[in-house]
Amino acid sequence: MAVLHLTAKSLWNRRGTALLTIAAITISVALLLGVQKMRGAARESFANTVSGVDLIVGARSGPLNLLLYSVFRVGDATANVSWASYQKIAHHPDVAWTIPISLGDSHRGFRVMGTTLDYFRHYHFAGDHSLAFAAGGPFSDLYDAVLGADVAQTLGYKLGDQIIIAHGIGNVSFAQHKDKPFRVAGILRKTGTPVDRTVHVSLEAITAIHIDWQSGMQAPAGARVSAEEARHRDLTPDSVTAFLVGMNSRVMTFTMQRAINEYREEPLLAIIPGVALTQLWELVGIADRALMLVAAFVVLAGLLGMLTAILTSLNERRREMAILRSVGAGPRHVFSLLVTEAGVLGILGVLSGVLLTYVLLAVGQPVLEKRYGIYMRFGGISAMDALILGSIIVAALVMGLVPAWRAYRNALSDGLTPRV
Amino acid sequence: MSLSPAIDLAQVEFAWRGAPPLLAVDRLIVERGERIFLRGPSGSGKSTLLGLIGGVLAPRTGAVRLLGTDIAALTASARDRFRGEHLGFIFQMFNLIPYLTVLENVLLPAEFSRPRRARIASGALRDEALRLLGALGLATDDLVERQVTQLSIGQQQRVAAARALLGRPGIVVADEPTSALDADTRTGFLELLMNECRALGAALLFVSHDTALGTLFDRQLSMDQLNGLARVH
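Just to check I follow, could you spell out the overall build of chain B for this structure?
On a plain count of helices and strands, chain B comes out with 10 helices and 9 strands. Against the 2.2 N^0.38 benchmark of 17 Å for 233 residues, chain B shows a C-alpha radius of gyration of 17 Å, consistent with a compact globule. In terms of overall dimensions, chain B has a C-alpha envelope of 50 × 40 × 35 Å along the principal axes. Burial statistics for chain B: of 233 residues in total, 47% are counted as buried. At a minimum sequence separation of 6, the contacts of chain B that also span at least 24 residues come to 75%.

What follows is the structure, encoded as structure tokens:
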């Protein structure tokens with residue numbers, strides 16, 4: 001008790017230095033905990049991108065590639081899946097539903113995705129959340145579009161606005177489907193997934209806008225098909241980019257996956273989203289482990305600052321130690337006085353670091369959510385967080401052993417008459 | 001037990017490991033309540049002697065009996081406890097912990113020694129500290145909550161004396177406590193210290209090179225007489 005009381009008084013007496021030391025630890029702890037929280041949030045948001053889908057099917061390429069373009073709207077498909085193969089699998093008795101996806105166009109930097117009404121019925125994210133409309137509803141006309149929340153917000157679109165789709169992807173595109181403008185029929189609620197950054201139209205619309213296009217070029221003026229004329233053509237697509245599959249019974253997933261991968265008529269690839277997501281996360285995880293490592297070193301730097309501060313104070317405190325010894329303190333009291341000091345600084349640093357993290361989270365959460373669609377769940381301190389914070393305190397105590405040992409040696413050699 | 005002297009050193013010799021002996025004392029006896037003046041210039045082995053009596057040093061040979069206990073035979077931590085329980089120290093200067101108030105400085109021995117705390121009627125710890133401060137001429141109310149750095153040296157030495165006396169230690173060791181004081185305060189301080197030691201029945205070992213003070217004590221010794229090794233040189 002005496003030791004703790006003295007430590008508190010002594011630190012209070014040196015509160016300027018002590019506060020700086022604590023501030024260094026605070027900032028480093030907040031950084032580490034922040035990175036840890038971001039990691040958790042990023043991983044969660046990643047895993048939440050798609051759910052309830054048993055298989056993703058596309059032309060044969062790599063599993064990660066398929067996952068990236070079908071779910072994350074990153075990269076491109078190398079080939080498409082023929083309409084016949086799609087129909088065959090979609091009508092298989094074990095298949096409950098499918099969501100076809102047709103990609104390749106964009107609108108002012110946002111990807112355009114052709115799909116069916118089943119998308120709004122069966123697509124799930126973050127567990128069992130289904131898509132909901134903030135305004136309007138699914139497409140009812142051929143030239144209707146449904147916007148993701150970010151698209152509508154960034155570009156300031158309202159229901160009924162006209163939009164022009166550009167051919168190909170990329171921020172600036174010279175080839176535009178100007179002759180077949182779309183009407184905004186619905187705006188989706190925010191999901192925190194790539195859906196927010198997607199413009200949805202019907203599969204038929206994708207066919208319609210490309211009806212007079214050949215090898216990436218629109219036909220010359222005389223051979224063009226107007227928007228109205230297109231309505232009367234057969235708009236059944238030749239192919240889709242990929243499709244999502246829901247099975248009647250989960251048990252059949254692997255059988256179906258094997259069947260699709262061994263499909264003779266066309267080279268197809270079926271992946272299980274959970275497995276592919278895990279693979280992808282392992283890849284992305286390298287960066288986040290590196291970040292974690294950097295943060296850990298910052299904490300180490302903070303603790304070294306503390307060590308320096310305590311070591312520096314030792315010499316001017318030799319007299320103080322001799323006085324304590326004269327009233328009955330042993331070298332072990334002197335030892336524990338300094339370890340306690342390191343511990344108190346460490347604990348205060350960790351506590352204020354946690355506080356700072358939560359303050360920053362409270363301030364930063366709306367921004368993160370708005371800009372990047374990352375939901376930072378506040379949560380409490382997880383077991384992992386507690387382990388990390390505990391280790392920091394233990395590390396502080398271990399570092400405290402260094403000045404403590406020196407003070408212990410001094411106390412033994414000085415006795416009651418310090419040589420200062 | 002009752003008649004054993006406050007300090008009894010017999011055939012004590014001290015040397016650092018692997019070094020020649022620094023101090024050799026055939027016999028030094030200080031009776032309980034006795035006030036001894038010990039004259040010793042620096043380098044005479046005085047610090048070593050006080051280290052032995054304080055229990056921060058252990059003799060190579062011989063017995064250091066304090067109040068009937070041979071502390072040379074105790075473990076280092078038992079000697080620390082013994083010092084906390086039975087001894088009070090006053091040094092030349094910088095006696096006080098700078099970050100504690102006057103009162104907290106006086107109460108410091110009670111933080112480290114339960115028996116010393118127990119010798120004061122329970123709950124009366126603060127009263128005893130105030131009484132000692134009062135007896136040593138420190139106006140209590142105003143001063144006690146002050147940081148010690150605001151005190152004059154004379155006041156600081158009196159606070160140190162109050163701390164040394166808190167909880168009735170059997171032995172008070174004062175190592176040149178007056179050498180930083182001017183002549184007027186010196187005599188006043190000494191009288192107060194001796195009165196309190198007498199009142200509490202504590203033996204006083206007063207080390208100084210100021211021989212003019214010697215006559216106020218029961219007995220005078222010099223390190224030259226005491227340290228067999230000093231005599232040789």
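So what exactly am I meant to see when it comes to the overall build of chain A here?
Helix and strand counts for chain A stand at 13 helices and 16 strands. Considering only C-alpha atoms, chain A reaches an extent of 105 × 45 × 30 Å along its principal axes. By residue count, 41% of the 420 residues in chain A fall in the buried class. Within chain A, residue pairs in contact and separated by at least 24 positions form 79% of the contacts whose partners lie at least 6 positions apart.

I'm lost on the packing of helix H3 (residues 102-112) of chain B against helix H5 (residues 125-135) of chain B in this one. Help?
In a pair of packed helices, the angle between the axes and the distance between the axes together describe the arrangement. Residues and elements named next belong to chain B. Where H3 contacts H5, the two axes come as close as 10 Å, and the packing angle between them is 120°. On the basis of their axis angle, the class for H3 and H5 is oblique. The chirality of how H3 crosses H5 is right-handed. Between H3, through Leu-103, Val-106, Leu-107 and Ala-110, and H5, the contact on the second element is made entirely by Leu-125, Ala-129, Leu-132 and Leu-133.

Help me out: how do you make sense of the nonpolar core in this one?
As a rule of thumb, soluble globular proteins bury nonpolar side chains together. Ile7(B), Val106(B), Ala162(B), Ile171(B) and Leu205(B) are the most contacted members of the largest nonpolar core, which has 111 residues in total. Residues within four places of Ala162(B) in sequence aside, it is in contact with Val106(B), Ala129(B), Leu132(B), Leu133(B) and Leu136(B).

Looking at this structure, I do not really get the sheet that holds strand E2 (residues 23-30) of chain B. What am I missing?
Within a sheet, neighbouring strands are paired by backbone hydrogen bonds and run either parallel or antiparallel to one another. Residue and element names in this part refer to chain B. A sheet is described by the order of its strands in space; here 4 strands give the open sequence E2-E1-E4-E5, paired in antiparallel fashion. Each of the sheet's edge strands pairs with one partner strand only, and the pair in question is E2 and strand E5 (69-70). Inspection of the sheet shows strand E4 (residues 61-66) paired to E5 by 2 bridges, in the antiparallel sense. Note on E5: the bridge partner recorded for Arg-65 is Asp-70. Packing against the sheet, helix H1 (residues 46-54) makes contact with strand E1 (7-14), E2 and E4, and its axis sits at approximately 120° to E1.

It is not clear to me how the interface of chain A and chain B should be interpreted in this structure. Could you clarify?
Accessible area lost upon the coming together of the parts serves often as the stated size of an interface. Contacts between chain A and chain B engage 18 residues on the former and 24 residues on the latter. Split by residue class, the side of chain A that touches chain B holds 6 nonpolar, 7 polar and 5 charged.

What exactly am I supposed to notice about the confidence of the model for chain B here?
Note that predicted coordinates carrying low pLDDT should not be read in detail. A residue-level look at chain B finds 95% of positions with pLDDT of 70 or above and a mean pLDDT of 85. With pTM at 0.74, the complex prediction returns an ipTM value of 0.88.

How should the environment of Asn48(A) be read in this particular structure?
Along the chain, Asn48(A) turns up in the loop between helix H2 (15-47) and strand E1 (55-59). Once the C-alpha coordinates of Asn48(A) and Leu401(A) are considered, the two residues, 353 residues apart in sequence, prove to be 46 Å apart.

Explain unusual backbone geometry here, please?
The phi torsion of most residues other than glycine is negative, and most of the peptide bonds are trans. Residues and elements named next belong to chain B. A positive phi angle is found at Arg-168, which is not glycine, with a value near 50°. Residue placement: Arg-168 occurs in the loop between helix H7 (153-165) and strand E7 (171-175). Look at Arg-168 and you get partly exposed, because 15 C-beta atoms sit within 10 Å. Of note in this structure, Glu-176 is not a glycine but carries a positive phi near 45°. Relative to the helices and strands, Glu-176 resides in the loop between E7 and helix H8 (183-200).

Got a minute to help me understand the sheet that holds strand E6 (residues 87-90) of chain B in this structure?
Residues and elements named next belong to chain B. Taken together, the 5 strands give an open sheet; going across it, the order is E6-E7-E8-E3-E9, and neighbouring strands pair in parallel fashion. Looking at the sheet topology across the chains shown, the edges are occupied by E6 and strand E9 (219-222). Taking each pair of neighbouring strands and ignoring which way they run, the sheet shows an average axis angle of 20°. Across 4 bridges, the pairing between E6 and E7 is parallel. Along E7, the bridge assignment pairs Phe-89 with Val-173.

Whenever I open this one, helix H11 (residues 318-326) of chain A confuses me. Can you help?
Since the α-helix turns once every 3.6 residues, residues separated by three or four places project in the same direction. Judged by how many residues are buried, H11(A) sits mostly within the fold: 8 of 9 residues are covered. Backbone geometry just downstream of H11(A) places Gly328(A) in the positive-phi region, at approximately 115°.

Can you walk me through the pairing of strand E8 (residues 144-147) of chain A in this structure?
Both faces of the sheet carry side chains from a regular strand, because those side chains alternate between them. With 4 bridges joining them, E8(A) and strand E10 (residues 182-188) of chain A adopt parallel strand pairing. Its bridge partner lying in E10(A), Asp144(A) is registered against Arg183(A).

Help me understand the domain arrangement of chain A, please; the structure alone is not making it clear to me.
Domain assignment breaks chain A into domain 1 (2-46 + 285-414) and domain 2 (55-271). Inter-centroid distance (C-alpha atoms) of domain 1 of chain A to domain 2 of chain A is 52 Å.

Is there a simple way to explain the packing of H11(A) against helix H13 (residues 383-414) of chain A in this structure?
All names here are of chain A. Between H11 and H13, the shortest axis-to-axis distance is 10 Å and the interhelical angle comes to 65°. Two packed elements cross with a definite hand, and for H11 against H13 that hand is right-handed. Seen from H11, the contacting residues are Arg-318, Met-321, Ala-322 and Arg-325; seen from H13, they are Ala-407, Asn-410, Ala-411 and Asp-414.

In this structure, what is going on with the environment of Glu320(A)? I would like to understand it.
Take Glu320(A): it is sitting in helix H11. Sequence-wise, Glu320(A) and Val71(A) are 249 residues apart; in three dimensions their C-alpha atoms are separated by 67 Å.

What exactly am I supposed to notice about the pairing of E1(B) here?
Residues and elements named next belong to chain B. Taken together, the 7 bridges between E1 and E2 define a ladder with antiparallel strand orientation. Bridge assignment links Glu-13 to a residue of E2, and that residue is Ala-24. Direction of pairing for E1 relative to E4: antiparallel, over a ladder of 5 bridges. Of the residues in E4, the one forming a bridge with Ala-10 is Ala-63.

What counts and what doesn't
Residues numbered from 1 in each chain as written. Chains lettered and ligands numbered in written order. Predicted model: local features only at pLDDT ≥ 70, side-chain atom pairs only at ≥ 80, totals over all residues. Helix = DSSP H or I, 4+ residues; strand = E, 2+ residues; numbered from the N terminus. Rg over C-alpha atoms; globule rule 2.2 N^0.38 Å. Buried ≥ 20, exposed ≤ 12 C-beta atoms within 10 Å, placed from the backbone. Contact = placed C-beta atoms within 7 Å. Axes fitted to C-alpha atoms, helices over the stretch in contact; angles between N-to-C directions. Parallel < 35°, antiparallel > 145°, perpendicular 65-115°, else oblique. Left-handed = near helix turned anticlockwise from the far one by under 90°. Core = buried A, V, L, I, M, F, W, Y, C linked by C-beta atoms within 7 Å. Pairing = 2+ DSSP bridges. Nonpolar A, V, L, I, M, F, W, Y, C, P; charged D, E, K, R; others polar. pLDDT = per-residue confidence, 0-100. Domains from an automatic or database assignment.

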